[in-house]
Amino acid sequence: MGARHNAGLTQDQLAKRLGRPQSFVAKYENRERRLDVIEFLSLSKALGLNPHEAIHFIEEYIK
């Protein structure tokens, strides 16, 4: 959720960028589902994130 909020996007706006329903964004934000690598790369692009930096952040978060 943090990256989406930092980008100033609603779930619906992000979902439209991804070509997915809003429920797709809600489910991964609520940890009801995980992203596969292709979805992760698409999400990173839609949020304007460097996927390598995002992975590093995730690695630090789960330590």
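The preceding data block contains the structure.
The structure presented is a predicted model; accordingly, all values stated were derived computationally and were not measured. (Residues numbered from 1 in each chain as written. Predicted model: local features only at pLDDT ≥ 70, side-chain atom pairs only at ≥ 80, totals over all residues. Heavy atoms only, no water.)

Undergrad: Give a description of the overall build of the chain that names residues and reports values.
TA: Looking only at helices and strands, the chain has five helices and zero strands in total. Each principal axis of the C-alpha atoms in the chain carries an extent, and together these give about 30 × 25 × 20 Å. Each of the 63 residues in the chain was classed as buried or not, and the buried ones make up 29%. The long-range share in the chain, meaning contacts at least 24 apart out of those at least 6 apart in sequence, stands at 33%. Accessible area of the chain: about 4800 Å², with a carbon and sulfur share of 54%. Each charge class in the chain was averaged separately, 10 positive and 8 negative side chains, and the resulting centres sit 4 Å apart. (Helix = DSSP H or I, 4+ residues; strand = E, 2+ residues; numbered from the N terminus. Buried < 20%, exposed > 50% of the residue type's maximum accessible area, 1.4 Å probe, protein only. Contact = heavy atoms within 4.5 Å. Areas by Shrake-Rupley, 256 points an atom, 1.4 Å probe, with all protein chains shown as cover. Lys, Arg positive; Asp, Glu negative; His and termini not counted. Charge placed at Lys NZ, Arg CZ, Asp CG, Glu CD.)

Undergrad: Could you give an account of helix α3 (residues 22–29), with specific residues and numbers?
TA: All of the buried residues along α3 are F24, V25, A26, Y28 and E29. Looking at the buried side of α3, the elements it contacts are α1 (2–6), α2 (11–18) and α4 (37–47). At the C-terminal side of α3, R31 shows a positive phi close to 60°.

Undergrad: Outline the packing of α2 against α4, listing residues and values.
TA: Orientation of α2 relative to α4, taken along the N-to-C sense of each, is 115°, at an axis distance of 10 Å. Crossing angle aside, the handedness with which α2 passes α4 is right-handed. Seen from α2, the contacting residues are L14, R17 and L18; seen from α4, they are S42, L43, A46 and L47. Residue composition of the contact of α2 with α4, grouped by class: five nonpolar, one polar and one charged. (Axes fitted to C-alpha atoms, helices over the stretch in contact; angles between N-to-C directions. Left-handed = near helix turned anticlockwise from the far one by under 90°. Nonpolar A, V, L, I, M, F, W, Y, C, P; charged D, E, K, R; others polar.)

Undergrad: A description of the nonpolar core should follow, citing residues and the corresponding values.
TA: Core analysis: the largest hydrophobic core is formed by ten residues, namely L9, L14, A15, L18, F24, V25, Y28, L43, A46 and L47. Residue assignment for this core shows that the elements contributing at least two residues are α2, α3 and α4. Those residues in contact with A15, other than ones at most four positions away along the chain, are R20, P21, Q22 and V25. (Core = buried A, V, L, I, M, F, W, Y, C linked by side-chain atoms within 4.5 Å.)

Undergrad: So, the pattern of salt bridges: which residues are in play, and what are the values?
TA: Overall, the coordinates contain four salt bridges when judged by the stated rule. Across the salt bridge formed by K16 and D12, the nearest N and O atoms sit 3.2 Å from each other. In this pair, K16 and D12 both sit in helix α2, four residues apart, roughly one turn of the helix. On the basis of relative accessibility, which here comes to 37%, the residue D12 falls in the partly exposed class. In this structure, R20 and E39 form a salt bridge, with 3.1 Å as the shortest nitrogen-oxygen distance. Highlighted residues: R20 in the loop between α2 and α3 and E39 in helix α4, separated in sequence by 19 residues. What you see here is one network of salt bridges that share partners, running through R20, R33 and E39. (Salt bridge = Lys/Arg side-chain N within 4 Å of Asp/Glu carboxyl O.)

It is worth stressing that arrangement in space is one thing and function is another; only the former is reported here.
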